[in-house]
Amino acid sequence: MSNQKKCFDQVLIETRKVNKVFGSGKKSVHAVKDMDFLLHKGEIVSIVGQSGSGKTTLAKILLGLLKETNGEIIYDGKRRDLSSLQKRRAYWQNIQAIFQDPFSTFNQFFRVEKILNDCLNLQELGHLSIEEKRDRMRDACQFVNLKYEELYNKYPFELSGGQMQRLMIARIFMMKPNVLIADEPTSMIDACSRSTILDMLMKLRDERQMTILFITHDLGLAYYVSDTLYIMENGETVERGEASQVILNPQHPYTRRLVSDVPKLREEWDLELA
Amino acid sequence: MAEQVLKVKDLKTFYRTRLKENVYAVDGVSLELEEGKVLGIAGESGCGKSTLALSLMGFYFPPLNFGGGSIEINGTDIMKLPYETLRTHYLGKEIAYIPQAAMNALNPTRKLVHFAIDILSEHRKDLTKEQMISLTREKFDFLQLPERALWAYPSELSGGMKQRAVIALSTLLNPKVLIADEPSSALDVSSQKVVIALLRKMLNEKLVKSMIFITHELPLLRHVADEIVVMYAGELVEKGTSEQVIFDPVHPYSYALMRSIIVPEEGMKAQKLSCIPGAPPNLKNVPEGCRFADRCAYAIDACRQKKIEIDVFSEGRYKRCLHSVASLRAMYEAEDLPQETGGSVHE
């Protein structure tokens with residue numbers, strides 16, 4: 001990868017004035033408000049916000065797991081249409097996700113082999129010979145430093161958190177999606193496994209020109225990996241821009257507070273109580 | 001020199017599995033803690049940090065068992081005391097513990113004030129009920145909890161408030177040593193900052209004499225701890241002041257750990273992120289030699305042959321590594337030279 005500033009011109013996903021309201025009447029919650037959002041091909045975007053800021057809701061809308069209340073979502077130049085199962089399947093071949101809790105992402109009754117085999121089926125590769133399927137699964141496991149021979153016969157609960165999260169990335173490796181939505185992919189694992197996971201995701205991005213959307217509350221991570229940052233508060237974007245700009249020179253008071261609340265290494269941490 | 005509050009020598013504790021195997025999660029740990037100081041314990045998940053925290057209380061529930069060593073609080077070895085004395089005179093008064101998951105530590109069917117009365121009626125029999133409540137109220141006030149929290153059930157409070165309530169309950173008797181096991185890992189950055197600031201304030205006002213702070217978040221330790229020990233597979237592998245360990249780590253494991261820190265700070269984006277290959281050894285059968293050897297880039301044959309002893313190389317600093325400090329530093333420097341290829345994560 002070069003050190004030049006990358007330019008992204010091809011828009012992959014665009015949302016126009018997307019809203020999401022849960023409930024109705026007095027008890028309704030406006031989780032996402034007039035969200036305008038751009039995701040370019042090959043770009044890494046992070047959405048940062050505290051719990052309850054609506055970032056996961058937005059991710060679910062983008063994934064097509066939740067329906068937006070109103071607004072438009074444009075995928076690859078066309079209005080996104082998820083009206084039939086067939087269309088949804090086609091959409092999910094292009095857009096995939098990693099979730100926060102590795103322990104609850106896999107079906108506990110399926111062995112690792114079946115989980116990986118299902119990826120091939122979803123890609124309509126079910127007709128391949130068993131040897132060929134195994135080879136592909138082995139490759140995917142190797143990519144994430146797991147040993148297929150040790151794992152294929154295990155159930156998800158027999159793996160550690162870090163292993164499961166890596167298995168999740170092995171799935172992504174096999175699915176070859178255009179877009180990956182990573183919802184707090186590293187919040188449940190320690191710093192050391194975190195860098196391993198990030199390393200693998202960056203490798204995928206470089207090899208495949210994959211577009212990644214990180215949803216996180218970890219400012220350090222967002223700053224480190226992303227090209228563009230969105231800061232969300234109460235369903236609204238309060239600040240957006242180039243990652244270094246937003247973190248090193250925050251404009252909005254909310255961003256400033258967020259940045260100052262994170263312990264740094266070299267800067268002093270102001271521990272005065274308000 | 002300040003008074004030494006806690007002295008742990010060669011502590012060993014193990015879990016007994018159903019197959020009657022002994023798994024040593026804390027294997028020969030020695031540490032000292034002076035009054036007014038905060039000792040940080042760092043390490044990845046599963047290295048024995050939390051087991052060490054539990055073990056320091058001198059209080060063992062199966063499957064955790066005591067395997068040897070001594071824990072001295074103000075010169076008294078609490079492992080030699082009968083269980084009743086330990087419970088009435090030490091737990092809560094001399095040494096207290098803040099558990100990792102505050103949400104699970106509180107009985108959901110009891111109001112917070114009743115937990116406090118429980119604790120006080122056991123340890124402070126001289127107080128009337130009104131005095132107990134007002135003492136608790138003072139503590140809650142100090143931790144910026146509203147009056148309402150006192151009469152609330154745990155489920156009525158937010159995560160940050162629950163964590164502060166647990167801290168209030170743990171420190172009701174102004175313990176000499178407070179063991180905080182990841183007190184802020186379940187909180188968002190803003191509540192985390194409040195909790196940390198309050199813990200520091202307690203220490204400054206001498207409500208707590210000294211603290212052991214366990215976390216895997218190293219930037220946090222940099223601001224909280226005076227000294228840091230790094231733990232790996234049940235053993236301590238390096239010790240130093242927090243500045244020394246974070247900015248000038250010596251042991252290859254701590255070096256790799258420090259290189260995996262990500263903070264939103266200038267220059268971070270250009271830094272190379274390291275990741276340690278492989279996984280920690282299974283504690284059921286740990287290697288005889290250096291426990292980190294299989295994942296270490298600098299391991300030589302001698303590393304695997306016999307148990308590596310602690311090597312004190314300067315005042316208050318030690319490492320558990322065969323290589324000399326000078327050669328380790330030289331190796332790190334050589335690795336730091338710009339390379340065209342490598343495991344760089346970013347640009």
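Everything numeric here is computed off the predicted structure, so don't read it as measured data.

Cut-offs applied
Residues numbered from 1 in each chain as written. Chains lettered and ligands numbered in written order. Predicted model: local features only at pLDDT ≥ 70, side-chain atom pairs only at ≥ 80, totals over all residues. Heavy atoms only, no water. Helix = DSSP H or I, 4+ residues; strand = E, 2+ residues; numbered from the N terminus. Rg over C-alpha atoms; globule rule 2.2 N^0.38 Å. Buried < 20%, exposed > 50% of the residue type's maximum accessible area, 1.4 Å probe, protein only. Contact = heavy atoms within 4.5 Å. Areas by Shrake-Rupley, 256 points an atom, 1.4 Å probe, with all protein chains shown as cover. Lys, Arg positive; Asp, Glu negative; His and termini not counted. Charge placed at Lys NZ, Arg CZ, Asp CG, Glu CD. Salt bridge = Lys/Arg side-chain N within 4 Å of Asp/Glu carboxyl O. Pairing = 2+ DSSP bridges. 1 Å grid on protein atoms, 1.4 Å probe; cavity = no way out; pocket = protein on both sides within 12 Å on 5 of 7 lines; lining within 4 Å. Points joined across faces, edges and corners; volume = space filled by probe spheres on them. Nonpolar A, V, L, I, M, F, W, Y, C, P; charged D, E, K, R; others polar. Disulfide = S-S within 2.5 Å. Axes fitted to C-alpha atoms, helices over the stretch in contact; angles between N-to-C directions. Left-handed = near helix turned anticlockwise from the far one by under 90°. Buried area = accessible area lost by both parts, 1.4 Å probe. Core = buried A, V, L, I, M, F, W, Y, C linked by side-chain atoms within 4.5 Å. Polar contact = N/O pair within 3.5 Å; in protein donor to acceptor, adjacent residues only side chain to side chain. Expected span 1.5 Å × (residues − 1).

Here we take up the overall build of chain B. For chain B, the count of helices and strands is 13 helices and 12 strands. A compact globule built from 347 residues should have a C-alpha radius of gyration of about 20 Å, and chain B, at 21 Å, falls within 12% of that. The buried share of chain B, reckoned over its 347 residues, is 53%. A fraction of 65% describes how many contacts in chain B between residues 6 or more apart in sequence connect residues 24 or more apart. Within the structure as shown, chain B displays about 15,300 Å² of accessible surface, and the carbon and sulfur contribution to it stands at 51%. One finds the centroid of the 42 positive side-chain charges in chain B at a distance of 5 Å from the centroid of its 44 negative side-chain charges.

With that out of the way, let us pick up the overall build of chain A. The secondary structure content of chain A amounts to 10 helices and 10 strands. Relative to its length of 274 residues, chain A is compact, with a C-alpha radius of gyration of 19 Å against a globular reference of 19 Å. Seen along its three principal axes, the alpha-carbon backbone of chain A occupies a region of about 60 × 45 × 40 Å. In chain A, buried positions account for 50% of the 274 residues. Across chain A, every contact between residues at least 6 apart in sequence was considered, and the portion connecting residues at least 24 apart equals 69%. Carbon and sulfur atoms provide 47% of the accessible area of chain A, an area that totals close to 12,900 Å². Averaging the positions of the 38 positive and the 37 negative side-chain charges in chain A gives two centres separated by 5 Å.

The next point concerns the pattern of salt bridges. One pass over the structure, following the stated rule, counts 37 salt bridges over all chains. Where Asp-81 of chain A meets Lys-87 of chain A, a salt bridge forms, and the shortest distance between an N and an O atom there is 2.9 Å. Classification of Asp-81 of chain A as partly exposed rests on a relative accessible area of 39%. Among the salt bridges present, the one from Asp-126 of chain B reaches Arg-124 of chain B, with a minimum N-O distance of 3.6 Å. Counted as one network, the salt bridges with shared partners bring together Asp-27, Glu-235, Arg-291, Lys-307 and Arg-320 of chain B.

Moving on: the sheet that holds strand β5 (residues 78–79) of chain A. Residues and elements named next belong to chain A. Read from one edge of the open sheet, four strands run β2-β1-β4-β5, paired in antiparallel fashion. Two strands bound the open sheet, and with one partner strand each, they are β2 (29–40) and β5. Here strand β1 (residues 11–22) pairs with strand β4 (residues 70–75) via five bridges, running antiparallel. Bridging from a neighbouring strand, Thr-15 pairs with Ile-73 of β4.

This part covers empty space enclosed by the protein. Residue and element names in this part refer to chain B. Across all of its chains, the model carries three cavities of 30 Å³ or more by this definition. The volume enclosed by the largest cavity comes to roughly 80 Å³. Considering the residues around the largest cavity, the lining is formed by Tyr-232, Glu-235, Val-237, His-251, Gly-289, Cys-290, Arg-291, Phe-292, Lys-307, Ile-308 and Arg-320. Each residue belonging to the lining of the largest cavity can be placed in one class, and the counts come to five nonpolar, two polar and four charged.

Here we come to unusual backbone geometry. Between Pro-62 of chain B and the following residue, Pro-63 of chain B, the backbone shows a cis peptide bond with an omega angle of 10°. The phi torsion at Gln-209 of chain A lies on the positive side, around 60°, for a residue other than glycine. On the basis of relative accessibility, which here comes to 44%, the residue Gln-209 of chain A falls in the partly exposed class. If you check the backbone angles, Asn-234 of chain A has positive phi at about 45° while not being a glycine. Looking at the element boundaries, Asn-234 of chain A is found in the loop between β9 (228–233) and β10 (236–242).

A full pass over the atoms with the stated rule returns zero disulfides over all chains. No disulfide involves Cys-141 of chain A; its nearest neighbouring cysteine sulfur is the one of Cys-119 of chain A, lying 10 Å away. A relative accessible area of 0% places Cys-141 of chain A in the buried class. The thiol of Cys-321 of chain B is not disulfide-bonded; the next cysteine sulfur, from Cys-303 of chain B, is found 6.1 Å away.

Moving on, we come to the packing of helix α4 (residues 112–123) of chain B against helix α5 (residues 129–142) of chain B. Residues and elements named next belong to chain B. Axis separation between α4 and α5 bottoms out at 10 Å; the angle between their running directions is 115°. In the packing of α4 onto α5, the handedness of the crossing is right-handed. Taking contact as the criterion, the partners of Leu-112, Val-113, Ala-116, Ile-117, Leu-120 and Ser-121 in α4 are, on α5, Lys-129, Met-132, Ile-133, Leu-135, Thr-136 and Phe-140. Looking at the contact of α4 with α5, its residues break down into nine nonpolar, two polar and one charged.

Before going further, it helps to spend a moment on the interface of chain B and chain A. Contacts between chain B and chain A engage 42 residues on the former and 41 residues on the latter. Summed over both sides, the interface between chain B and chain A buries roughly 4,100 Å², with carbon and sulfur atoms accounting for 60% of that surface. For the pair chain B and chain A, the number of links is three salt bridges. Its salt-bridge partner being Arg-222 of chain B, residue Glu-268 of chain A comes within 3.7 Å of it at the nearest N-O pair.

The next subject is the side chain of Glu-239 of chain A. Residue and element names in this part refer to chain A. Structurally, Glu-239 is set in strand β10. Of the side chains with opposite charge, Arg-256 lies nearest to the buried Glu-239, which makes no salt bridge, at 7.1 Å. Apart from the residues lying within four places of it in its own chain, the contact partners of Glu-239 are Leu-229, Tyr-230, Ile-231, Val-246, Asn-249, Pro-250, Gln-251, His-252 and Thr-255.

To continue, consider the nonpolar core. Among the nonpolar cores identified, the biggest contains 143 residues, and Leu-201 and Phe-214 of chain A together with Phe-213 of chain B are the most heavily contacted of them. Ranked by residues supplied to this core, first place goes to helix α6 (residues 161–175) of chain A with nine residues. Leaving out residues up to four positions away in the same chain, Phe-214 of chain A has contacts with Ile-44, Val-45, Ser-46, Ile-47, Ala-182, Pro-185, Leu-198, Leu-201, Met-202, Leu-221 and Val-225 of chain A. Counting 31 residues, the second-largest nonpolar core is a separate cluster that includes Val-26, Leu-31, Leu-33 and Ile-95 of chain B.

Turning next to the environment of Trp-269 of chain A. Residue placement: Trp-269 of chain A occurs in the segment after α10 (253–261). Judged by its relative accessible area of 7%, Trp-269 of chain A falls in the buried class. Ignoring sequence-local partners within four residues, the contact set of Trp-269 of chain A consists of Ser-260, Asp-261, Val-262 and Pro-263 of chain A together with Gln-192, Lys-193, Ile-196, Leu-220 and His-223 of chain B. Of the polar contacts made by the side chain of Trp-269 of chain A, one reaches the backbone oxygen of Ser-260 of chain A; its length is 3.3 Å. A polar contact of 3.4 Å, which involves the side chain of Trp-269 of chain A, links it to the backbone oxygen of Asp-261 of chain A.

Since the α-helix advances by 3.6 residues per turn, residues separated by three or four positions end up pointing in the same direction. Residues and elements named next belong to chain B. The first and last C-alpha atoms of helix α8 (residues 189–204) sit 22 Å apart over 16 residues, in line with the 22 Å expected at 1.5 Å per residue. Every buried residue belonging to α8 is among Val-189, Ser-190, Gln-192, Lys-193, Val-195, Ile-196, Ala-197, Leu-198, Leu-199, Met-202 and Leu-203, and all of these are buried. Two residues or fewer past α8, Lys-206 is found with a positive phi of approximately 60°.

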